[in-house]
Amino acid sequence: MRDTRREAETQAEGGAGSPRGAPRGTRSRDPGSRPGLQAALSRDPPELLRDFLHSARGPWAAWGRGAAGAVLSARVMRPQPGSPPHGPGPRAAAVRARDSAPGRLGSPAASAPPRGSGCPGGGAARGCLSPTLLGSSCLPPRPAPPRPTTCCARTPAQRKRRPAAGPTPPRAMSLSIQCQQLSDARWTELLPLIQQYEVVRLDDCGLTEVRCKDISSALQANPSLTELSLCTNELGDAGVHLVLQGLQSATCKIQKLSLQNCCLTKTGCGVLPAMLRSMPTLRELHLSDNPLEDAGLQLLCEGLLDPQCHLEKLQLEYCNLTAASCESLASALRNKQHFKELVVSNNEIGEAGVRVLCRGLVESACQLETLKLENCGLTPASCEDLRAVVASKTSLRELDLGDNKLGDQGIAVLCPSLLHPSCQIRVLWLWECDVTATGCRDLCRVVSAKESLEELSLACNALGDEGARLLCESLLEPGSRLQSLWVKSCNFTATCCHHFGTMLTQNKRLVELQLSNNKLGDSGVRELCQALGQSGTALQVLCLGDCDVANDGCASLASLLLANRSLRELDLSNNRMNDQGIRRLMESVEQPGCALEQLVLYDIYWSQDIEDSLRALEERKPSLKIIS
């Protein structure tokens, strides 16, 4: 996508924008730049936005942290009719990436202009692309500010799942508008629809307290409403109050309410107990990215304690909570027999808070299925408390502990409970947890024996090639059923590719392998391609971004694409190939026998001739998406 302004900037900087000395010219656009997104998103905004978030780094990637779930799960991650069966977690949406990792995508200068400057307590640093770029699709709200570390991992809630077996339920009537500034005339058109639709989503539409009186009246007139999402609107305490008043009619049947990033403060939480008491049908409440603080959460918990409250899922990311909140939350959960999901990631509750919270969960009769405690200040000692939760909650299916300093010591404490026969964990996220090959050895016992485990992230842990060897050996054990493995930024070298190659020729269950940001080089990629070129391999998604792949590696991949029949998605972002390597890939992808459906080429320089050829290739082969 040729952008003369960017080229001028690059020349003015003396070529500093060219990675590894790449020639100036047309560059695959950084996904954090708006002109590059405009051309890409015009083809299929929801799907391309998903893949952009998957690959991005820097401030754009931070948008995928936690708060993205409500927006993406509703709009972007809905399975499309006729889409190929990728299996669980085939390249899910958001990536957690951090700014300091060298040589990857995104730059602060490229981020979108901030919105929401009036929101107190951290709501100012929100951002969204122009509606002319995205139509009714929207980037998720951006938590502010991201902590500079070196990891990236995705949010499990945002991964696209394989549709369950059985008949497809009828789709509810849905009004979904995102990232649009609504004029008075447009608003007048929408109000009758808000009174009729079962699902209403007006995310990042510039709504304020002024519109909330209209919303309240419309909601009172809608007896069919089951889901309402007003995420990333500056409603404020008064506006939220008006919205909740509209939901308190006797005919209200709402089941899911999303008020993420709506500038709700502790002052406005006084209405929450009455709201929860008056909505017995409400099952899911999203309040992430609101500065509730401990005082606000205490008011929320008063409502949770009411016998008329039957809430099952609660999301509270980035709510400025501390350990002081955990006693109230634990007390409320003790009385919730039907509670299933708790998300309190990105709150500084610390070791003491987690201990209190885990004790409450252990003592509760709830059938907990999902627990997310990413970036909560957990320590190795916290794993003793987590072990008790895993042991007592046989219903637990997803445990997210990323960005906590658990270390090998904590992993050693946690693994015995994961190995217990009663544990049926499916998703385990341990990205950036200070795990080394020593801790990996303990985890490999879980991988080799726990048949329920389907998805594992160990991204941004210094596992090294020894850790890779241990993982591959465990994946060859008969008891392993892992389908998705994220080992991005794990200090692997070309040496590990022999182990991965051997594993991939024999393992018929693993469908997604994320190896980005490991220095595999052309020699390592060649070894992987030789293995995947053998008949009967099952891998569908392979991510090799920032792996030092040059033209020789592209030649190996080009041969692989002609021989392999399972691979559907290939990510080669931020590698060192030039026109020659890209052309080799194009020649293979264009062949009728190539099964590839998506090729990701972010942050790579090529000529205008290659740019034109790529666009022409997409036109000739509609089944192929080239994300660049």
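- An unreviewed UniProt entry lists the protein chain under the name Ribonuclease inhibitor, from Vulpes vulpes.
- What UniProt states about the protein chain under its Subunit (unreviewed entry) heading is, verbatim, "Forms high-affinity heterodimers with RNASE1, ANG and RNASE2."

### Re the overall build of the protein chain
1) Next: A count of helices and strands for the protein chain gives 22 helices and 23 strands.
2) Next: The contacts of the protein chain with a sequence gap of at least 6 include a subset with a gap of at least 24, amounting to 87%.
3) Next: With the model as given, the accessible surface of the protein chain reaches about 21,800 Å², and the carbon-plus-sulfur share is 51%.

### Some thoughts on unusual backbone geometry
1) Next: At Ser489, a position not held by glycine, the phi torsion is positive, near 55°.
2) Next: Tracing the backbone shows Ser489 in the loop between strand 17 (484-486) and helix 18 (496-506).
3) Next: Since its relative accessible area comes to 10%, Ser489 is described here as buried.
4) Next: One non-glycine residue, Asn491, lies in the positive phi region at around 65°.
5) Next: With relative accessibility at 52%, the residue Asn491 sits in the exposed group.

### Focus on helix 11 (residues 293-304)
1) Next: With 12 residues, helix 11 should cover 16 Å at 1.5 Å per step; its first-to-last C-alpha distance of 17 Å lies within 8% of that length.
2) Next: Looking at the packing, one finds that the buried side of helix 11 touches helix 10 (272-278), strand 10 (284-286), strand 11 (313-315) and helix 12 (326-334).

### Considerations on the pattern of salt bridges
Oppositely charged side chains are able to pair whenever their charged atoms sit close together.
1) Next: Tallying each qualifying case throughout the model produces 24 salt bridges.
2) Next: When the shortest N-O distance is used, the salt bridge between Glu293 and Lys266 registers 3.4 Å. Of this pair, Glu293 sits in helix 11 while Lys266 sits in the loop between strand 9 (256-258) and helix 10, and the two are 27 residues apart along the sequence.
3) Next: According to the relative accessible area criterion, Glu293 is partly exposed, its value standing at 32%.
4) Next: On the basis of relative accessibility, which here comes to 38%, the residue Lys266 falls in the partly exposed class.
5) Next: Between Glu384 and Arg387 there is a salt bridge; the shortest N-O distance is 2.6 Å. One end of the pair, Glu384, and the other, Arg387, are both in helix 14 (residues 382-392), three residues apart, so they sit about a helical turn from each other.

### Let's talk about the packing of helix 17 (residues 464-475) against helix 18
1) Next: With their axes 9 Å apart at the nearest point, helix 17 and helix 18 run at an angle of 10° to one another. With respect to each other, helix 17 and helix 18 are oriented roughly parallel. On helix 18, the residues touching Asp465, Ala468, Arg469, Cys472 and Leu475 of helix 17 are Cys496, His499, Phe500 and Met503.
2) Next: In terms of residue class, the contact of helix 17 with helix 18 is made up of six nonpolar, one polar and two charged.

### What about the packing of helix 13 (residues 350-363) against helix 14?
1) Next: Here helix 13 crosses helix 14 at 15°, and the two axes come no closer than 9 Å. In this view, helix 13 runs roughly parallel relative to helix 14, as classed from their interaxial angle. The two elements helix 13 and helix 14 cross, and the hand of that crossing is left-handed. Contacts from Glu351, Val354, Arg355, Cys358, Leu361 and Val362 in helix 13 reach Ser382, Asp385, Leu386, Ala388, Val389 and Ser392 in helix 14.
2) Next: Its residues assigned to classes, the contact of helix 13 with helix 14 comprises seven nonpolar, two polar and three charged.

### Section: helix 15 (residues 407-419)
It helps to recall that an α-helix has 3.6 residues per turn; residues three or four apart then point in one direction.
1) Next: With 13 residues, helix 15 ought to run about 18 Å at 1.5 Å a step, and its terminal C-alpha atoms sit 19 Å apart, in line with that.
2) Next: If you look at helix 15, its biggest bend is around 25°, right at Val413, and the proline Pro416 turns up within four residues after that.
3) Next: Those residues of helix 15 not exposed but buried are Gly407, Gly410, Ile411, Val413, Leu414, Cys415, Ser417 and Leu418.
4) Next: Where the residues of helix 15 are buried, they touch helix 14, strand 15 (427-429) and helix 16 (437-449).

### Section: the packing of aromatic side chains
1) Next: Scanning all chains against the criterion turns up two aromatic pairs.
2) Next: Judged by centre distance (6.4 Å) and plane angle (75°), the ring pair of Trp429 and Trp486 falls under edge-to-face. Here Trp429 is found in strand 15, whereas its partner Trp486 is found in strand 17, with 57 residues between them in sequence.
3) Next: According to the relative accessible area criterion, Trp429 is buried, its value standing at 0%.
4) Next: Its relative accessible area of 0% is what places Trp486 among the buried residues.
5) Next: Note on Phe492 and Phe500: the rings are 5.8 Å apart at their centroids and 55° apart in plane angle, and the pair reads as tilted. The pair Phe492 / Phe500 is uniform in exposure class, with both members buried.

### Structural notes on the pairing of strand 6 (residues 174-178)
1) Next: Burial runs high along strand 6: four of the five residues are buried.
2) Next: The pairing of strand 6 with strand 7 (residues 199-203) spans five bridges and is classified as parallel. Each residue of the ladder has a partner; that of Ser176, found in strand 7, is Arg201.
3) Next: Handedness of the strand 6-helix 7 (residues 184-194)-strand 7 crossover: right-handed.

### Quick look at the side chain of Ser288
1) Next: One can find Ser288 in the loop between strand 10 and helix 11.
2) Next: Judged by its relative accessible area of 1%, Ser288 falls in the buried class.
3) Next: Not counting residues up to four positions away in its chain, the partners in contact with Ser288 are Gln260, Asn261, Gln315, Leu316, Glu317 and Cys319.

About the cut-offs
- Within any chain, residue numbers begin from 1 and follow the written order of that chain's sequence.
- pLDDT decides what is reported in this predicted model: residues at 70 or higher carry local features, side-chain atom pairs at 80 or more are listed and counted, and totals for whole chains, interfaces and linings draw on all residues regardless.
- Only hydrogens and water are set aside; all other atoms, that is, all heavy atoms of the structure, feed into the side-chain values.
- UniProt positions are given in the numbering used here, feature names are shortened, and annotations may be inferred rather than shown by experiment.
- Helix numbering and strand numbering both begin at the N terminus, where a helix is a DSSP run of H or I of at least 4 residues and a strand a DSSP run of E of at least 2.
- Contacts are assigned to residue pairs with any non-hydrogen atoms lying within 4.5 Å of each other.
- Note on areas: Shrake-Rupley with a 1.4 Å probe; residue coverage comes only from the protein chains shown.
- Exposure is judged per residue with a 1.4 Å probe applied to protein chains only, and the accessible area is read against the type maximum: over 50% gives exposed, under 20% gives buried, and values in between give partly exposed.
- A helix is expected to span 1.5 Å for every residue after the first.
- The salt bridge criterion pairs a side-chain nitrogen of Lys or Arg with a carboxyl oxygen of Asp or Glu, the two atoms within 4 Å.
- Convention adopted: a line fitted to C-alpha atoms gives each axis, helices being fitted over their contacting stretch, and angles between N-to-C directions are expressed from 0 to 180 degrees.
- The scheme is simple: roughly parallel for angles under 35 degrees, roughly antiparallel for over 145, roughly perpendicular for 65 to 115, oblique for anything else.
- When residue character is reported, Ala, Val, Leu, Ile, Met, Phe, Trp, Tyr, Cys and Pro are called nonpolar, Asp, Glu, Lys and Arg charged, and the others, Gly included, polar.
- Put simply, a crossing is left-handed when the front helix is turned counterclockwise from the back one by less than a right angle, and right-handed when it is turned clockwise.
- Two axes define the bend at a residue: one fitted to the seven residues ending there, one fitted to the seven starting there, and the bend is the angle between them.
- Centres within 6.5 Å are what make two rings of Phe, Tyr or Trp a pair, Trp counting through its six-membered ring; a difference in plane orientation under 30 degrees is then read as stacked, over 60 as edge-to-face, and the rest as tilted.
- Two strands pair if DSSP finds at least two bridges between them.
- A right-handed crossover is one whose linking path, passing over the helix from the first strand to the second, runs clockwise when the strands point away from the viewer.

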